[in-house]
Amino acid sequence: MSFQLSIMIEALKTAGHYIGTTLFMALTALVIGAVVGLIIALIRLYRIKILAPVLQVIVTVLKGVPVVLVILALYLISAKQFDIWAESMHWTLRFKDFNMVWIAIAALSLMSAINSSEIFRGAFAAVKKGQFDAAKSIGMTNLQVIRRVLLPQAWPISLPMFSNLLISLVKASALASMVSVVDVFAAAKITAQQNYRFLEAYVAVAIIYWLISLVIEKGAQLLENRLLRKLRRAAL
């Protein structure tokens, strides 16, 4: 069976219409995960009683759970319980009216939060302890230390890892098709099912994911260089 370039281009055009859906899921999950991950990392950094050891166990357990299982678990739980919750809260919304994109985003956000917390922990470890002591000695509160000392130095360190996380989320978003979300991968697969030319469709999807990953990587490099230059100027 020969490879037909025209079919690949057609699949490329069809899948391209859903790049926005894929990026929306990945970026939303990254933002939610980064916020939650930062909170988790700070709790573990300052060793807050009870919360820190509990979160350490949760992070360790969830790191070993595949995203596909999280998506399916959230879907099944929501399918069985959402209407019950909605009725108890006197909502008119029902599960059949629910946008499945948010199921995928919730699962990806969980993956993002776990990975973000570890990224922040590694970045915080790179900040010298003497800087914390110096900040405390001039009367800074913990919140001021986080805002003025910790985060400005942690962001440039963690940025390459966050760009890799975003790329992983873009690729993992293909699993959203399991809960009937039409994204880049699902659109290409639907096109392939019409003419049974799956190879051409999958090559088209691979090209789209590669281009998205390339843009993310180059954008992160430019942003990282800008942040590093800003830090050097601030240090002078």
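By the naming in an unreviewed UniProt entry, the protein goes by ABC transmembrane type-1 domain-containing protein and is assigned to Enterococcus saccharolyticus 30_1. The UniProt entry for the protein carries the following comment under Sequence similarities (unreviewed entry): "Belongs to the binding-protein-dependent transport system permease family."

**Looking at the overall build of the protein**
Across its full length, the protein holds nine helices and zero strands. Secondary structure elements of the protein, listed N to C terminal, follow the sequence α-α-α-α-α-α-α-α-α. Projecting the C-alpha coordinates of the protein onto the three principal axes gives extents of approximately 70 × 50 × 30 Å. Per-residue burial over the protein gives 39% buried out of 236 residues. Taking the intrachain contacts of the protein between residues at least 6 apart in sequence as the baseline, contacts between residues at least 24 apart amount to 79%. When the accessible surface of the protein is totalled, it reaches about 13800 Å², and 67% of it is carbon and sulfur. Computed over 23 positive and 10 negative side-chain charges, the inter-centroid distance for the protein is 14 Å.

**Some points on the UniProt feature "transmembrane region" (unreviewed entry) in the protein**
What UniProt calls "transmembrane region" (unreviewed entry) maps, in this numbering, to residues 21–43, 55–77, 98–114, 165–186 and 198–216. End C-alpha atoms of residues 198–216 are separated by 27 Å, and the span's content is 100% helix alongside 0% strand.

**Some points on the layout of surface pockets**
Taken as a whole, the largest pocket spans an internal volume of roughly 260 Å³. Leu45, Tyr46, Arg47, Phe124, Ala125, Val127, Lys129, Phe132, Asp133 and Lys136 together form the lining of the largest pocket. Looking at the lining of the largest pocket, the elements with two or more residues in it are helix H5 (101–125) and helix H6 (129–137). Among the elements that make up the lining of the largest pocket, the one with the highest residue count is H6 (four residues). Grouping the amino acids of the lining of the largest pocket by side-chain chemistry returns six nonpolar, no polar and four charged. Put simply, the second largest pocket is a space of about 190 Å³.

**Things to note about the packing of H6 against helix H7 (residues 142–172)**
Relative to each other, H6 and H7 sit at 145°, their axes nearing to 10 Å. Once H6 is placed against H7, the crossing between them reads as right-handed. Residues Gln131, Phe132, Ala135 and Lys136 of H6 form the contact with H7, whose participating residues are Asn142, Val145, Val149, Leu150 and Gln153. Class assignment of the residues belonging to the contact of H6 with H7 gives a composition of five nonpolar, three polar and one charged.

**Quick notes on the packing of aromatic side chains**
Summed over all chains, the structure comprises nine aromatic pairs. Ring geometry for Phe24 and Trp102: centres 5.7 Å apart, planes at 85°, overall edge-to-face. Of this pair, Phe24 sits in helix H2 (residues 19–45) while Trp102 sits in helix H5, and the two are 78 residues apart along the sequence. Owing to a relative accessible area of 40%, Phe24 belongs among the partly exposed residues under this scheme. Note on Trp102: relative accessible area 40%, which makes it partly exposed. Consider the rings of Phe120 and Trp155, whose centres lie 5.6 Å apart with planes at 75°: the pair is edge-to-face. Of this pair, Phe120 sits in helix H5 while Trp155 sits in helix H7, and the two are 35 residues apart along the sequence.

Thresholds applied
- Residues numbered from 1 in each chain as written.
- Predicted model: local features only at pLDDT ≥ 70, side-chain atom pairs only at ≥ 80, totals over all residues.
- Heavy atoms only, no water.
- UniProt positions renumbered as here; feature names shortened; annotations may be inferred.
- Helix = DSSP H or I, 4+ residues; strand = E, 2+ residues; numbered from the N terminus.
- Buried < 20%, exposed > 50% of the residue type's maximum accessible area, 1.4 Å probe, protein only.
- Contact = heavy atoms within 4.5 Å.
- Areas by Shrake-Rupley, 256 points an atom, 1.4 Å probe, with all protein chains shown as cover.
- Lys, Arg positive; Asp, Glu negative; His and termini not counted.
- Charge placed at Lys NZ, Arg CZ, Asp CG, Glu CD.
- 1 Å grid on protein atoms, 1.4 Å probe; cavity = no way out; pocket = protein on both sides within 12 Å on 5 of 7 lines; lining within 4 Å.
- Points joined across faces, edges and corners; volume = space filled by probe spheres on them.
- Nonpolar A, V, L, I, M, F, W, Y, C, P; charged D, E, K, R; others polar.
- Axes fitted to C-alpha atoms, helices over the stretch in contact; angles between N-to-C directions.
- Left-handed = near helix turned anticlockwise from the far one by under 90°.
- Phe/Tyr/Trp six-rings, centres within 6.5 Å; stacked < 30°, edge-to-face > 60°.

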